[in-house]
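Coordinate inspection notes
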Amino acid sequence: MKLELQKVKITKVVFGDEFSVKNGVLTVNKQAIIDYLSDDDRLAGVDVELAHPGEKTRIMPVKDVVEPRCKLSAGNEVFPGMIGDVDTVGEGSTLVLEGAAVVTTGRLVAPQEGIIDMSGPGAELTPFSKTCNIVVVLHPVEGLENHNRETSCRMAGLKAATFIAQQIKKAGFTADKVETYESPSYKDALAAYPGLPKVAYIYMLQTQGLLHDTYVYGVDAKKIIPSMINATEVMDGAICSGNCVSACDKNSTYVHQNNPIIKSLYEHHGKDLNFVGVVITNENVTLADKKRSSSYAVKLAKTLGADAAVISEEGFGNPDADLVMNCWKCERQGIKTVLVTDEYANRDGASQSLADTCPEGDACVTAGNANATITLPPMDKIIGDIQFADVMAGGFFGSLKEDGSIFAEIQIITGSTSEVGFTKLGAYTI
Amino acid sequence: MTYKVVHYINQFFAGIGGEEKADIAPEVREGIVGPGLALNNFFKKSDAEIVATVICGDSYFAENMDSASDFVVEAVKKFGADGFVAGPAFNAGRYGTACGAVCKAVGEKLGIPTVSAMYVENPGVDLYKKYTYIVSAADSARGMGKAVPPMASILVRQMKGEAIGTPKAEGYIERGVRVNKMYDEVGAERAVKMLIAKLKGEEFETEYKMPVFDRVTPRPAIADISKATIALVTSGGIVPFGNPDHIAASSAQNYGEYCIAGVDNLEKGKYQTAHGGYDQTYANEDPDRVLPVDVMRNLEKEGKIGKLYDYYYATVGNGTGVANAKRFGTEIGQKLKGKVDAVILTST
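Just so we're clear, the structure is a prediction, and the values are computed from it rather than from any experiment.

Quick look at the overall build of chain A now. When you go through chain A residue by residue, the secondary structure sums to eight helices and 26 strands. In summary, chain A has a C-alpha radius of gyration of 21 Å against a globular reference of 22 Å for 430 residues, a match within 12%. The dimensions of chain A, computed from C-alpha atoms along their principal axes, are 55 × 50 × 40 Å. Residues classed as buried in chain A amount to 61% of the 430 residues present.

Structure follows, in structure tokens:
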């Protein structure tokens, strides 16, 4: 299975009468996007705004961030089971509007989540202050049941991102670069590079219920048993986020599409290691589910003959138990592990950072202490609604000051402590 | 500008006397006294100087910790100090404890940088390392020469707003405090490189050492549950509607105490969850699902339990640091002690 990503570099987005891309400037037709998304009777209103790096703009609450992509060949469409048909993706070629992102915001579901500042100290902590953001502001109809509300907001982001890419496909484009990734058959993968250690990626997906869910080919991942997935399928949107509570360490769809652990494993593939496959597993709330999923995921890694695995967590607290089970079950099967997590060490940094532990977890990469606090200065423009600051995870009563500044834990910032290691943030002990 | 530093020492290092003078009350002297001379030689190189020295007897401090700490804080404030240094205390236990306590008080009340130095087994280390930088010193004053340069360096750089490096690089005793920083590479690349090193059997340094937790020994079973008064305590965030104590959706800094005398079940719209870490829909629909007041009332009526305690306690166990959780638990335990025979803890 071979996937070609045809990347068009976007450095600016503007509104216009048509969809086009020229010299890095992406023109989008605002009304066309609104009309396309309004075909959902769960939404009373839709608006679209733009936010660029360096602007004094704050987007909140943020539900999801999606990179505009669409299929160019091999049939089907990205986000299988959500936008595309349920058939397999990860082959042929895909258009990527790199540098652009669709961000969904509006009156979502309590608790409201996630802040993206386009400049200032908060901007340094979110990857999405560096993208040109097409912000979709959503107003679900009053009284809509919460799960339906979440679905309509989630789908709006995926629809907008695909729609924009499809319009550029129609309008024509020249790719700035083409990247090719291969997901070989397991027969070939296991036979390759006999001198190098076989490394698997155990990719944990948050699956704890409303606003804590992840979808694989449209299937609610809490209902799967762990499974193999090809890295190129992930790039084509096989994994979608329904998940934004404590926005710092939730993988938005954009992060799945651009999973940096997969990227890094590809870069070292054939040099330091043989990247043999990706195992997806979930983080359900019951002990039986945790035991079953960790045992099954480790069994898959073992079946692959993996010598080692990178294990990434999504979330904290309850999923720490899943992380720890995955860790010691791997290590006791002779699979060496590195864990990627983040920390909740209290605002003073002096508390223990994880809710579960095992002595086998001797190699751990951390994306930082999410309880650390920050003051986000007032911004000239708010997209969404600032009034939710006090009830967002990471905020507290009194977080929102009269001048429009926000004092909160960095937990409130979208993607700030990404547990797939999307950013450079980490922590150390003094 | 010259950074102003106040120095704290005990009666012995001030040359006043040994144990027989350990009961002297605190006093302030302008300028340098005793070991301040060695420290000041280093401070002077970095535009800093000791402007005053506070001296206190070790026994006096131990017996009057609060008032003696206040005295020190006032003195530091009076001299408008930019930084505060205490000791070195080497292996002197009471002196080390005093140095740690004054550093903590000055740091918390005045918000200025502090530093001390002690032998690693000095009891002051465990008590106060969380609150200040304690340079790892020898067990006697013979180690003065070695202790002074890192003390001066750590204080000066804090005053200048510069970052302090790792315990190993700087020579202080690990405080156990996690500090965020930007690494040179993204986390994913760090993880893959760490795994490669681990596979090759090369040395690697984990970015976080796994925690060690307390284990709680279960209490003996209740002899006669039909006579027992039982309290409900939850980390599932069930609070009266409107969340009157403003418990945060994540990383709670407090807990609430709520009277449920005469309440037979928790009705929708009268109670809710404040917890941001799970699907709130079902808890808000029927809060008894998380805090089972209805079931407890039935058991009470059937005589299967003695009584449901009139108050329940609730916090949010979502992104809440272990240290805060421990404090809430201890305080709630103290409130319930002697009033109930058992507690049912519900999570989410």
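What chain B contains, in helices and strands, is eleven helices and 14 strands. Radius of gyration (C-alpha) of chain B: 27 Å, far over the 20 Å computed for a compact globule of 348 residues. Reported as C-alpha extents along the three principal axes, the dimensions of chain B are approximately 75 × 55 × 40 Å. Here chain B, with 348 residues, has 46% of them falling under the buried criterion. Put simply, of all contacts in chain B between residues at least 6 apart along the chain, 72% involve residues at least 24 apart.

On to the packing of helix 3 (residues 65-78) of chain B against helix 4 (residues 93-110) of chain B. All names here are of chain B. At their nearest, the axes of helix 3 and helix 4 sit 9 Å apart, and the two run at 55° to each other. Relative to helix 4, the element helix 3 lies oblique. You can see that helix 3 and helix 4 cross each other, and the crossing is right-handed. Each of Met65, Ser69, Val72, Val73, Val76 and Lys77 in helix 3 lies in contact with helix 4, whose residues at this interface are Ala101, Val102, Ala105, Val106, Lys109 and Leu110. Within the contact of helix 3 with helix 4, the residues separate by chemical class into nine nonpolar, one polar and two charged.

Let's shift gears to the sheet that holds strand 6 (residues 57-60) of chain A. Within a sheet, neighbouring strands are paired by backbone hydrogen bonds and run either parallel or antiparallel to one another. Residue and element names in this part refer to chain A. Here three strands make up an open sheet; going across it, the order is 11-6-24 and the pairing mixed. In this open sheet, the two edge strands, each paired with only one partner strand, are strand 11 (116-117) and strand 24 (381-384). By the bridge criterion, two bridges tie strand 6 to strand 11 in an arrangement that is antiparallel. Looking at the pairing, isoleucine 59 lines up with isoleucine 116 of strand 11.

Our focus in this paragraph is unusual backbone geometry. In this chain, Met60(A) is followed by Pro61(A) through a cis amide linkage whose omega measures -10°. Within the element layout of this structure, Pro61(A) appears in the loop between strand 6 and strand 7 (62-66). Following Gly87(B), the chain continues to Pro88(B) via a peptide bond in cis, the omega torsion being 10°. Tracing the chain through its elements places Pro88(B) in strand 4 (residues 83-90). Of note, Asn76(A) is a non-glycine position whose phi angle comes to about 55°, a positive value.

Right, let's talk about helix 11 (residues 322-336) of chain B for a bit. Residues and elements named next belong to chain B. Counted at 1.5 Å a residue, the expected span for helix 11 with its 15 residues is 21 Å, and the 21 Å between its end C-alpha atoms agrees. Buried within helix 11 are the following residues: Asn324, Phe328 and Ile332. Projected down its long axis, helix 11 carries its buried residues within an arc of 65°, all on one side. Projecting away from the buried face of helix 11 at angles above 90 degrees are the exposed residues Thr330, Gly333 and Gln334. Residues of helix 11 that are buried sit in contact with strand 8 (229-234) and strand 13 (311-314). At the exit of helix 11 stands glycine 338, carrying a positive phi of roughly 85°.

What follows concerns the environment of Arg178(B). Of note, Arg178(B) is situated in strand 7 (residues 178-182). Residues Arg178(B) and Ala68(B), spaced 110 residues apart in sequence, show a C-alpha to C-alpha distance of 30 Å. When neighbours within four sequence positions are excluded, Arg178(B) is seen to be in contact with Glu343(A), Ala345(A), Gly349(A), Ser353(A), Asn369(A), Ala427(A) and Thr429(A).

Residues and elements named next belong to chain A. With 17 residues, helix 7 (residues 287-303) extends 24 Å between its outermost C-alpha atoms, agreeing within 8% with the 24 Å of an ideal straight helix rising 1.5 Å per residue. Contacts made by the buried residues of helix 7 are with strand 14 (198-206), strand 17 (227-229), strand 19 (274-283), strand 20 (308-312) and helix 8 (318-332). Phi turns positive, to about 75°, at glycine 305, one or two residues after helix 7.

In this section: the interface of chain A and chain B. With 71 residues of chain A in contact, the opposing surface of chain B contributes 53 residues. Those elements giving two or more residues to the side of chain A that touches chain B turn out to be helix 6 (260-268), strand 20, strand 21 (336-343), strand 22 (364-369) and strand 26 (425-429) of chain A. In the side of chain A that touches chain B, the residues fall into 37 nonpolar, 25 polar and nine charged. In the sheet, strand 26 of chain A pairs with strand 7 of chain B via five bridges, with the strands oriented antiparallel. Paired with Leu425(A) across the strands is Met182(B), a residue of strand 7 of chain B.

Below, the discussion takes up the confidence of the model for chain B. Here chain B averages 95 in pLDDT, and 100% of its residues register 70 or above. Of the two predicted TM-score estimates for the complex, the pTM is 0.91 and the ipTM is 0.97.

The subject of this paragraph is the nonpolar core. Ranked by internal contacts, the top residues of the largest apolar core, which has 170 residues, are Val136(A), Ala301(A) and Ala309(A). Here the element with the most residues in this core is helix 2 (residues 146-171) of chain A; it accounts for nine residues. Ignoring sequence-local partners within four residues, the contact set of Val136(A) consists of Leu37(A), Val46(A), Val48(A), Val102(A), Thr104(A), Ala156(A), Gly157(A) and Ala160(A). Counting 61 residues, the second largest nonpolar core, distinct from the first, contains Ala14(B), Tyr60(B), Phe84(B) and Ala152(B).

About the thresholds
Residues numbered from 1 in each chain as written. Chains lettered and ligands numbered in written order. Predicted model: local features only at pLDDT ≥ 70, side-chain atom pairs only at ≥ 80, totals over all residues. Helix = DSSP H or I, 4+ residues; strand = E, 2+ residues; numbered from the N terminus. Rg over C-alpha atoms; globule rule 2.2 N^0.38 Å. Buried ≥ 20, exposed ≤ 12 C-beta atoms within 10 Å, placed from the backbone. Contact = placed C-beta atoms within 7 Å. Axes fitted to C-alpha atoms, helices over the stretch in contact; angles between N-to-C directions. Parallel < 35°, antiparallel > 145°, perpendicular 65-115°, else oblique. Left-handed = near helix turned anticlockwise from the far one by under 90°. Nonpolar A, V, L, I, M, F, W, Y, C, P; charged D, E, K, R; others polar. Pairing = 2+ DSSP bridges. Expected span 1.5 Å × (residues − 1). Arc of directions from axis to C-beta. pLDDT = per-residue confidence, 0-100. Core = buried A, V, L, I, M, F, W, Y, C linked by C-beta atoms within 7 Å.

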